[in-house]
Amino acid sequence: MEKFKYLVLSIAIISSSVFAQEQEKEKPQGHTDQNKFRQMKDLLATPNESRTASGAPGYAYTQQKVDYVMNIMLDEANNRIYGDEKITYHNNSKDYLEYLWVQLDQNMRAKDSKTPDIDSENFNNPFNGPVSFINDNLKERFDGGFNIEYVKNEDGSNLSHSINQTMMRINLSKPLAPGDVFKFQIKWWYNINDINVDGGRSGLERFPDGNNNYTIAQFYPRLCVYDNVEGWQNMQFWGRSEFALEFGDFEVKITVPADHVLEATGELQNPKDVLTKEQQKRFDIAKKSFKDPVFIVTQEEAEQTEKGRSTKTKTWHFKANQVRDFAFASSRKYIWDAMAVDINGRTVMAISLYPKEGNPLWEEHSTRVVANTLEEYSKLTFDYPYSKAVSVHSERQGMEYPMICFNFGRPNPDGTYSERTKRGMIGVITHEVGHNFFPMIVNSDERQWTWMDEGLNSFVETLAELDYDPNFITGNLPKDIVPYMGGDQSYLSPIMSQGDYVYQFGPNAYTKPAAGLYMLRQTIMGPELFDYAFRTYSQRWMFKHPTPADFFRTMEDASAMDLDWFWRGWFYTTDYTDIGVKEVKQYYLTDKPTENAKKIAGRYNMNLDDYKGQLIYYAEAVDGIVPSDAKEVSDFEVLNNYLAMLPDSEREALKKAPNHFYEVTFEKPGGLVMPIIVELTYEDGTKERKTYPAQIWRYNDKEVTKVFKTDKAITNIVVDPDLETADVDMSNNSWPKQEKESQFDKFKKKIQG
Ligand SMILES: [Zn+2]
């Protein structure tokens, strides 16, 4: 076998050494290494004792802890929140702190807020409906900022502080030493914004019956994160990039009208004070109902309650440990249902609150979707550690907090709804409940890195949705990001950008990272390697503060895959995937010297006649046509002589040598490197798949060549037949070239026309 192979290949060997000599004549220019596979040492922070090179928290990792004791009052008549809080700040760092920073998120709605000032304005906006027109141009600006009544020390004396927009600096009289605790108090009130007029992640929705639905969050001054990555994370809140928060223990008493139903982060401490005996009994039944939700408040009861207006109040008392935030929802309109979910032997409650306007959709799906989400996310990350997850209906919201979230999805007034409304509702509940895992528990810095919670969450959401309904249209698959990635480069930003500064926020921070992770799992790593690494990341950083480097490093560390090329391309650039078939050459074997062989032999003063009967040549089929007198492999004398010398077993193997030879050149007009997934269709209609790792592009970023030796003639070659790699231009993906219009062309025409 060796000798025969040598003879066939000798011409090729001569050819490549000649090529190498010609190359040397060119003088190389100096350049920096732009190889797409170079390691990310230039991009990632140097590992240290807090964050290891493996992507795990190091032995010196610390994080601050902040505990809150709060009294909150919802003033329904004036739509105001009043509150006071006692804050206990634990300095677990090794640093002395001269000051603390507190987030005053509601100041984004203050009269002097700069948030509206940074948007450009004009009269030509075709999307200006009457409401937004009045709101933007005629109405006085709503004042929803915090009114801070006092900031005091523990002993009641005034505490020096200074407010800069949405951030408040607490000036300490002496630096807070490592390991020390600082206690202080704040009292405040603010006007609650109307979500449908002023927008927002928190606020109220008005109903025609005169009732409101209050979904309340960012309602209290909250400590900023202090760490060894950002120092104080006190980047202003402009309304888009979300939050960075410390974990802590909360004890919160919320006073609302006595006929309201309320849910919040944490465990209810005084059910006997706020629930009827019947409601408590129904809750006990719900705790054992693992198949169907049980009503705590029925629609009939809620419709009765919403007609009244109690002048009395009730105080709901909650405790929550190890949470990074606190939110609540309150209304007399709520229907309330709950069911039990078995998370690895522990019972967790899935709960929903919704007005009758949410039905019939909400009683059918909400609590079941909550339960499915907890189950699916727990499989891919860690067992859901909290006692419950609540989904609250609010017409225009989709927003997450620990154990509670606010979700849209409202049927038409007559109770009918489209598939789209239903899908949107299932999608948003899965997404917002899923946020319990990212970033409520795997507590990344949302203000800096939107993708770390939105991207990871949208990815797991996709898997959970497909589990709830295998035909679910998720919108987060690689093919879904093609219009964005193939679009105008001047409106694209790398994923690794701070959220306030990116164009096309949704595709940038949600879809692209989610589609990328889907691709990593399904195509690049495979579910087994991916899932182990992803679970390792989730468990390492559960109740901690991970950074992008911790994620990138863990995914490689736990899988033994070098993914630097993927992170570098997909997360740090706006390059796109475009891989195609450039050229297919067919070859056949002959004992007649080819023109090419003669040319090369000439350079070495070889006379090919001297090798008659000893050499076999690969000849290119002109226009893909193999001459009718072309021989079968077994017809060659030189081969038969050689075969005769072989033991039987090897001879049989060699007789099976293929008869068809294709040299396929793949081109890569796209900047991203990706695996090449090839589907070959043979003359008898059978198909075969081959996948080449992305590293196939390591020496040539523009084109690579592969040889297929087959028994059957190939009739068709397709690159990425299942749209796994977000290839933006499918028009070059097939051989023979298909005249069919590509999806990308169709999309281009659509947006242009
Ligand atoms: Zn989200």
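In case you missed it, the structure is sitting above this.
Residues numbered from 1 in each chain as written. Predicted model: local features only at pLDDT ≥ 70, side-chain atom pairs only at ≥ 80, totals over all residues. Heavy atoms only, no water.

Asks: Please provide a residue-by-residue account of the pairing of strand E17 (residues 313–323), values included.
Replies: A regular strand carries its side chains on alternate faces of the sheet. One ladder, built from 9 bridges, connects strand E13 (residues 248–257) with E17; its direction is antiparallel. Across the sheet, the residue bridging to Pro257 is Thr313, located in E17. Looking at chain direction, strand E15 (residues 267–268) and E17 are connected through 2 bridges and run antiparallel. Bridge assignment links Leu268 to a residue of E17, and that residue is Phe318. (Pairing = 2+ DSSP bridges. Helix = DSSP H or I, 4+ residues; strand = E, 2+ residues; numbered from the N terminus.)

Asks: Before we move on, could you go through the packing of aromatic side chains and cite the residues and values that matter?
Replies: Under the defined criterion, the tally for this structure stands at 48 aromatic pairs. Considering the side-chain rings of Tyr99 and Trp101, the 6.3 Å spacing of their centres and the 75 degrees angle between planes classify their relative orientation as edge-to-face. Centre to centre, the rings of Phe438 and Phe534 are 5.8 Å apart; their planes meet at 50 degrees, and the pair counts as tilted. Placement of the pair is Phe438 in the loop between helix H8 (419–434) and helix H9 (450–468) and Phe534 in helix H12 (residues 527–540), with a sequence separation of 96 residues. What makes Phe438 buried here is its relative accessible area of 0%. The positively charged end of Lys152 is found above the aromatic ring belonging to Tyr150, 4.3 Å away from the centroid. (Phe/Tyr/Trp six-rings, centres within 6.5 Å; stacked < 30°, edge-to-face > 60°. Buried < 20%, exposed > 50% of the residue type's maximum accessible area, 1.4 Å probe, protein only. Lys NZ or Arg CZ within 6 Å of the ring centre and 35° of its normal.)

Asks: Outline the packing of helix H13 (residues 548–557) against helix H14 (residues 564–572), supporting the account with residue identities and numerical values.
Replies: Taken N-terminus to C-terminus, the directions of H13 and H14 make an angle of 150 degrees; their axes are 11 Å apart at the nearest point. It follows from the interaxial angle that H13 and H14 lie roughly antiparallel. When you trace H13 past H14, the crossing you get is right-handed. Contact with H13, carried on its side by Phe551, Phe552, Met555 and Glu556, involves Asp564, Trp567, Phe571 and Tyr572 of H14 and no other residues of that element. Considering only residue class, the contact of H13 with H14 consists of 6 nonpolar, no polar and 2 charged. (Axes fitted to C-alpha atoms, helices over the stretch in contact; angles between N-to-C directions. Parallel < 35°, antiparallel > 145°, perpendicular 65-115°, else oblique. Left-handed = near helix turned anticlockwise from the far one by under 90°. Contact = heavy atoms within 4.5 Å. Nonpolar A, V, L, I, M, F, W, Y, C, P; charged D, E, K, R; others polar.)

Asks: Which residues make up the side chain of Gln218, and what values do they have?
Replies: As for its position among the elements, Gln218 is in the loop between strand E9 (212–216) and strand E10 (222–223). A polar atom in the side chain of Gln218 sits 2.6 Å from the side chain of Tyr401. (Polar contact = N/O pair within 3.5 Å; in protein donor to acceptor, adjacent residues only side chain to side chain.)

Asks: Tell me about the coordination of the zinc ion, and name the residues and values.
Replies: Within the protein, His431 (NE2), His435 (NE2), Glu454 (OE) and Glu454 (OE) serve as the donor atoms for the zinc ion, at 1.9 to 2.6 Å. Given 4 donor atoms and angles of 55 to 149 degrees at the metal, the environment of the zinc ion is assigned as irregular. Each donor residue of the zinc ion belongs to the same chain, and together they define the spacing H-x3-H-x18-E. On the basis of relative accessibility, which here comes to 0%, the residue His435 falls in the buried class. (Donors = N, O, S within 2.8 Å, 3.2 Å for Na, K, Ca; no water. Tetrahedral: all angles 85-135°; square planar, octahedral: opposite > 155°, others 65-115°.)

Asks: Tell me about the pattern of salt bridges, and name the residues and values.
Replies: All told, the structure shown has 39 salt bridges when counted by the stated rule. Here Asp194 ties to Arg206 by a salt bridge, and the two come within 2.9 Å at their closest N and O atoms. Of this pair, Asp194 sits in the loop between strand E7 (181–191) and helix H3 (195–198) while Arg206 sits in strand E8 (residues 203–206), placing them 12 residues apart in sequence. The partly exposed category is assigned to Arg206, whose relative accessible area is 48%. Here Glu395 and Arg410 are joined by a salt bridge, their closest N and O atoms 3.8 Å apart. Of the two residues, Glu395 sits in the loop between strand E21 (388–393) and strand E22 (398–401) while Arg410 sits in the loop between strand E23 (404–407) and H8, which places them 15 residues apart along the sequence. The buried category is assigned to Arg410, whose relative accessible area is 18%. Through salt bridges with shared partners, a single network forms among Asp209, Glu306, Lys333, Lys356 and Glu357. (Salt bridge = Lys/Arg side-chain N within 4 Å of Asp/Glu carboxyl O.)

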